[in-house]
Amino acid sequence: LRHSQYSEDVSEALIIDGFARWKGSMPMQSPGRCFALLKKENAPVEVIPIEPGPEDQRRLPMELALRFDNLRASAEVFSANVRAECKAGGESVHSVPVGKIRISH
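Being a predicted model, the structure only gives us computed values, none of them experimental.

S.K.: How should the sheet that holds strand β4 (residues 33-38) be read in this particular structure?
M.R.: Strand pairing in a sheet takes place through backbone hydrogen bonds and is either antiparallel or parallel in direction. Across the sheet, five strands lie side by side as β5-β4-β6-β7-β8; this open sheet has antiparallel pairing. Each of the sheet's edge strands pairs with one partner strand only, and the pair in question is β5 (46-50) and β8 (91-104). Between one strand axis and the next, the sheet turns by 20 degrees as a mean value, whatever way the strands run. Sheet analysis places β4 next to β5, joined by five bridges and oriented antiparallel. Across the sheet, the residue bridging to Ala36 is Ile48, located in β5.

Right, here's the structure in full:
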């Protein structure tokens, strides 16, 4: 996660097993992102970013949502409590707190 005082976006990367599976920029005020997880036999899990939209209307077999709770975002500071939420068939299965992040300039 990177935040520049000169931008209204937050640069993010999803790294799994040491490999960057997704890189992108999200608006500083709503940086959360969802990914579809596809598992094929004898292959690593594919991580596919999902466009923002109503989550309750998606019924994907496996989904990973990165949530930013208690978000504070300004030119001087970006902080949030990050959690990963696993979903199956559109229903939350498990939520794991990742921790608090704080970036200040």
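Anyway, onward from the coordinates.
S.K.: Is there a simple way to explain the pairing of strand β3 (residues 19-27) in this structure?
M.R.: Across eight bridges, strand β2 (residues 9-16) lies against β3 in antiparallel orientation. Note that in β3 the partner of Glu12 across the bridge is Gly24. If you look at the hairpin formed by β2 and β3, you'll find two residues sitting between the two strands, and Asp17 has a positive phi there, around 55 degrees.

S.K.: I would appreciate a short explanation of the packing of aromatic side chains in the present structure.
M.R.: Each aromatic ring pair is described using two quantities: the centre-to-centre distance and the angle formed by the ring planes. Across all of its chains, the model carries two aromatic pairs by this definition. Their ring planes at 70 degrees and their centres at 5.4 Å tell us that Trp22 and Phe35 sit as a pair that is edge-to-face. Taken as a pair, Trp22 in strand β3 and Phe35 in strand β4 lie far apart in primary sequence, 13 residues in all. For Trp22, a relative accessible area of 12% puts it in the buried group. A residue is classified by how much of its surface remains accessible, and Phe35, at 0% relative accessible area, is buried. Aromatic side chains Phe68 and Phe78 sit 6.3 Å apart centroid to centroid with 65 degrees between the ring planes, which places their arrangement in the edge-to-face category. Of this pair, Phe68 sits in strand β6 (residues 63-73) while Phe78 sits in strand β7 (residues 77-88); the two residues are 10 residues apart in sequence, bridging distant segments of the chain. For Phe68, a relative accessible area of 16% puts it in the buried group. When its relative accessible area of 0% is taken as the criterion, Phe78 is described as buried.

S.K.: Quick question: what am I supposed to make of the sheet that holds β3 here?
M.R.: Read from one edge to the other, the open sheet built from three strands follows the order β1-β2-β3, with strand pairing classed as antiparallel. Only two strands of the sheet have a single partner each, and these edge strands are β1 (2-3) and β3.

The rules behind each value
- Residues numbered from 1 in each chain as written.
- Predicted model: local features only at pLDDT ≥ 70, side-chain atom pairs only at ≥ 80, totals over all residues.
- Heavy atoms only, no water.
- Pairing = 2+ DSSP bridges.
- Helix = DSSP H or I, 4+ residues; strand = E, 2+ residues; numbered from the N terminus.
- Axes fitted to C-alpha atoms, helices over the stretch in contact; angles between N-to-C directions.
- Phe/Tyr/Trp six-rings, centres within 6.5 Å; stacked < 30°, edge-to-face > 60°.
- Buried < 20%, exposed > 50% of the residue type's maximum accessible area, 1.4 Å probe, protein only.

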